[in-house]
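Architecture at a glance
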Amino acid sequence: MELASQHSPRQQPVTGNRAFRLAHLVSDTVNGFRLQAAKRWRFIPQTIAYQGYGSTEWVRVLGRVVLTSRPHPGSREEHAAQNGNQNIRGWRAFTSVPIQFTEVEIEIGGVTARVHADRGGLVDTIVKVALTPGWHTAVLRAEGTEPTEARIYVISPDTKLGIVSDIDDTIMVTAVPRPFLALWNTFVLNERARMATPGMAVLMDRLLVEHPEAPVIYLSTGPWNAAPTLARFLSRNLYPSGTLLLTDWGLTQDRWFRSGQEHKRRNLELLAEQFPHMRWLLFGDNGQHDEAIYSDFARQHPDSVAAVGIRQLSASEAVLAGGHSDTGDHTGTSVPWLYSPDGAGLAKGLLDMDLL
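Summarised in this report is the structure supplied together with it.

The rules behind the values
- Residues numbered from 1 in each chain as written.
- Predicted model: local features only at pLDDT ≥ 70, side-chain atom pairs only at ≥ 80, totals over all residues.
- Heavy atoms only, no water.
- Helix = DSSP H or I, 4+ residues; strand = E, 2+ residues; numbered from the N terminus.
- Buried < 20%, exposed > 50% of the residue type's maximum accessible area, 1.4 Å probe, protein only.
- Contact = heavy atoms within 4.5 Å.
- Areas by Shrake-Rupley, 256 points an atom, 1.4 Å probe, with all protein chains shown as cover.
- Axes fitted to C-alpha atoms, helices over the stretch in contact; angles between N-to-C directions.
- Parallel < 35°, antiparallel > 145°, perpendicular 65-115°, else oblique.
- Left-handed = near helix turned anticlockwise from the far one by under 90°.
- Nonpolar A, V, L, I, M, F, W, Y, C, P; charged D, E, K, R; others polar.
- Core = buried A, V, L, I, M, F, W, Y, C linked by side-chain atoms within 4.5 Å.
- Phe/Tyr/Trp six-rings, centres within 6.5 Å; stacked < 30°, edge-to-face > 60°.
- Lys NZ or Arg CZ within 6 Å of the ring centre and 35° of its normal.
- Pairing = 2+ DSSP bridges.
- Salt bridge = Lys/Arg side-chain N within 4 Å of Asp/Glu carboxyl O.

1. Section: the overall build of the protein
The number of helices and strands found in the protein is 9 helices and 17 strands. For the protein, with 356 residues in total, the buried portion stands at 50%. A separation of at least 24 residues holds for 74% of the contacts in the protein among residues at least 6 apart in sequence. As displayed, the protein has an accessible area near 17300 Å², and 54% of this comes from carbon and sulfur atoms.

Set out below in structure tokens:
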């Protein structure tokens, strides 16, 4: 069995001025109190594994280590969890407490890698391993937790097309940019009250019928706490399974706040670097920053973009979202752009381009 070792976040010192270092101290102290309280409430440590992706030479493994509550045996909540029928208020997703910097062992394809979770309990690492194209399973273990399995989709070198989609206001009808509405949608709303964008699930399904080998990446600025809720939303509304690339809110090693735009730009650049032979269909909306991000990416990597599909917000959605642009700025790129308020309109445009 081959053993791989990865860099530990504990080796990264906090940079910045005195106020920033003090903020980190306060944050770590608060998290320590949360951990103590969670243990008193008999929360249990759990390793959560997320779907990953990779090539025939490496895989990207994603997971999180937290203290979380579990429903009582035999309770209605346990029955709902076992059958995937939860209808949970958003705030419950944020009751788990991250276990910082704990060691996590990853096994896949005869290779074992030991990594450390970051300050948010997140594991996001590359493991070098030789695998055949298709689905594989990685096993994640952290101290005191049961092993958990992550599905990993290994992309064939012959694959020419992939799909990247935003979530909020693209495949899910929401109103995130306004702070109050963001809090309402994230913390208060029952997860079954979230609505799918008309026609988008059908569009995704048609694309995968036409391109069955295409990987699907859901790239969002949403928090990792919401990953289980988002996964259930995707399944319930018949969206294809795919890798969720989310982010954490709050302090980083060198910034006061994580940048959602930078998160999207960085992951798009990473996909272009990892799969230079592929072109991506990029789906977003015209209510946030997707147009600007996709425009920049298309200008810098025109050979990596097959087309950009933008879901146009309705008048009422645009008001809630704080406005929108009509067409964006696509000068300097030959990449085709499609605009429609629903998936059916985007499908028609892709049909005209022979991508459907």
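2. Description of the packing of helix α4 (residues 200-210) against helix α9 (residues 343-352)
At a closest axis distance of 7 Å, the pairing of α4 and α9 adopts a crossing angle of 30°. Of the possible angle classes, the one that applies to α4 and α9 is roughly parallel. Our pair here, α4 against α9, has a crossing hand that is right-handed. Each of M200, L203, R206 and L207 in α4 lies in contact with α9, whose residues at this interface are G343, L346, A347, L350 and L351. Residue composition of the contact of α4 with α9, by class: 7 nonpolar, 1 polar and 1 charged.

3. Side note on the nonpolar core
What tends to happen in soluble globular proteins is that the nonpolar side chains get buried as a cluster. F283 and L350 are the most contacted members of the largest nonpolar core, which totals 58 residues. I108, V123, V127 and L131 belong to the second-largest nonpolar core, a separate cluster that totals 24 residues.

4. Remarks on the packing of aromatic side chains
Tallied over the entire structure, the rule returns 8 aromatic pairs. Ring geometry for W58 against F275: centres 5.6 Å apart, planes inclined by 40°, an arrangement best described as tilted. Of this pair, W58 sits in strand β3 (residues 58-68) while F275 sits in the loop between α6 (260-274) and β15 (279-285), and the two are 217 residues apart along the sequence. Residue classification places W58 among the buried positions, given a relative accessible area of 14%. Among the aromatic residues, those joined into a cluster by ring pairs are Y53, W58, F275 and W280. The aromatic ring of W135 is capped on one face by R151, whose charged end is 3.8 Å from the ring centroid.

5. Re the sheet that holds strand β13 (residues 216-223)
Here we have 6 strands laid out as an open sheet, ordered β14-β13-β10-β15-β16-β17, and parallel in their pairing. With one partner strand each, in any of the chains shown, β14 (243-247) and β17 (337-340) form the two edges of the open sheet. Sheet twist, expressed as the mean angle between neighbouring strand axes with direction ignored, is 20°. Taken together, the 3 bridges between strand β10 (residues 161-165) and β13 define a ladder with parallel strand orientation. Within β13, the residue paired with I163 across the bridge is V216.

6. Points about the packing of α6 against helix α7 (residues 290-300)
The interhelical angle for the contact between α6 and α7, taken along N-to-C directions, is 30°, at an axis separation of 10 Å. One finds that α6 runs roughly parallel with respect to α7. Crossing of α6 over α7 shows right-handed handedness. Between α6 and α7, the contacting residues are Q261, K264, R265, L268, E269 and A272 on the first element and D290, A292, I293, Y294, D296, F297 and Q300 on the second. In terms of residue class, the contact of α6 with α7 is built from 6 nonpolar, 2 polar and 5 charged.

7. Some words on helix α5 (residues 227-236)
Here α5 has its buried residues at A227, T229, L230, R232, F233 and L234. In this structure, the buried side of α5 is in contact with β2 (44-54), β11 (172-173), β12 (195-196), β13 and β14. Count one or two residues on from α5 and you reach L238, which has phi positive near 65°.

8. Let's talk about the pairing of β10
Most of β10 is tucked away: 5 of the 5 residues are buried. Of the pairings in the sheet, the one linking β10 to β15 comprises 5 bridges and is parallel in character. Along β15, the bridge assignment pairs V164 with L282.

9. Some details on the pattern of salt bridges
As a working rule, side chains carrying opposite charge can pair if their charged atoms are close by. According to the stated counting rule, one finds 9 salt bridges in the structure shown. Between D124 and R60 there is a salt bridge whose closest N-O contact spans 2.8 Å. Of the two residues, D124 is situated in strand β7 (residues 122-128) and R60 in strand β3; the sequence distance between them amounts to 64 residues. Looking at R60, the relative accessible area reads 6%, which means it is buried. D296 is paired through a salt bridge with R265; the nearest N and O atoms lie 2.7 Å apart. Of the two residues, D296 is situated in helix α7 and R265 in helix α6; the sequence distance between them amounts to 31 residues. If you follow the salt bridges from partner to partner, you end up with E105, E107, R114 and R141 in one network.

Coordinates in, geometry out; function isn't part of it.
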